Amino acid sequence: MTDTQTERTLSSEAIYDGRIIKLRVDSVELPNGKTARREVIRHPGAVAIVPLLPPSEGGGVMLIRQFRYAAQQSLWEIPAGTLEPDENPDDCAYRELQEEIGYKPGRLEKLGGIFVAPGYTSEYIHLYLATDLLPSRLAADADEFISAQPFSWEDVLRMIREGVICDGKTISGLLMAWDRLREGTR
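Remember, predicted model here, so these are calculated numbers, not experimental data.

(A) Highlighting the layout of surface pockets. As a volume, the largest pocket reaches approximately 1300 Å³. What lines the largest pocket is a set of 40 residues, among which I20, H43, R68, T82 and E144 lie closest to the centre. Looking at the lining of the largest pocket, the elements with two or more residues in it are β4 (46-51), β5 (61-68), β6 (73-77), β7 (80-82), α1 (89-100) and α3 (168-183). Top element by residues in the lining of the largest pocket is α1. It accounts for 4 residues. The class makeup of the residues in the lining of the largest pocket is 18 nonpolar, 6 polar and 16 charged.

This is the structure:
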């Protein structure tokens, strides 16, 4: 299938080059031959993991609560983190779980992934389901203040419906994991 909606980059101007993101403004040629400007935030990508606690610990989902400066509020989220340069997403998922909730997965299953906001950023988040968790803590990032709490699936789904969980990667990951787990019982 040929993509007839491709935009061709005519020029690109770097505006900002930060630790995590890079901002550029591009001039593009549209499919109809006209030109337009595109503001693009380049991001290295990330991972987000749905950690399932073992039945001996209630069998629920471990969520974290973290203040998010851009949102100006604390949010309930699944553990997540930004990829380091050339880092394999699986390795990042193992690291982030140990840093944020103090467990490593015995089994890590890829659920899929999502573009966060493809209208202006390249950020792609790899989503995982982590099971057979084993205690294993790595030091947390110095600028992260996170608390972790287990929830039942009933509570998690209610929190999504009621808007208590309002983070896109978390909602996507939880619903994909819930669907995957239900497939196993059909």
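We are not done yet, so read on.
(B) Molecular detail of α3. With 16 residues, α3 extends 23 Å from end C-alpha to end C-alpha; this agrees with the ideal 22 Å at 1.5 Å per step. Taken together, the buried positions of α3 are occupied by K169, T170, G173, L174 and A177. One side of α3 carries all its buried residues, which in axial view fall inside an arc of 120 degrees.

(C) Region of the structure containing the environment of A117. Structurally, A117 is set in the loop between β9 (107-115) and β10 (124-131). For the pair A117 and I41, spaced 76 residues apart in the sequence, the C-alpha separation amounts to 9.9 Å.

(D) Structural context of the packing of helix α2 (residues 153-161) against α3. At a minimum axis distance of 11 Å, the contact between α2 and α3 shows a crossing angle of 135 degrees. Here α2 lies oblique to α3, going by the angle between them. For α2 against α3, the interelement crossing comes out left-handed. Residues W153, V156, L157 and I160 of α2 pack against I171, L174, L175, A177, W178 and L181 of α3. Looking at side-chain class alone, the contact of α2 with α3 contains 10 nonpolar, no polar and no charged residues.

Cut-offs and rules
- Residues numbered from 1 in each chain as written.
- Predicted model: local features only at pLDDT ≥ 70, side-chain atom pairs only at ≥ 80, totals over all residues.
- Heavy atoms only, no water.
- 1 Å grid on protein atoms, 1.4 Å probe; cavity = no way out; pocket = protein on both sides within 12 Å on 5 of 7 lines; lining within 4 Å.
- Points joined across faces, edges and corners; volume = space filled by probe spheres on them.
- Helix = DSSP H or I, 4+ residues; strand = E, 2+ residues; numbered from the N terminus.
- Nonpolar A, V, L, I, M, F, W, Y, C, P; charged D, E, K, R; others polar.
- Expected span 1.5 Å × (residues − 1).
- Buried < 20%, exposed > 50% of the residue type's maximum accessible area, 1.4 Å probe, protein only.
- Arc of directions from axis to C-beta.
- Axes fitted to C-alpha atoms, helices over the stretch in contact; angles between N-to-C directions.
- Parallel < 35°, antiparallel > 145°, perpendicular 65-115°, else oblique.
- Left-handed = near helix turned anticlockwise from the far one by under 90°.
- Contact = heavy atoms within 4.5 Å.

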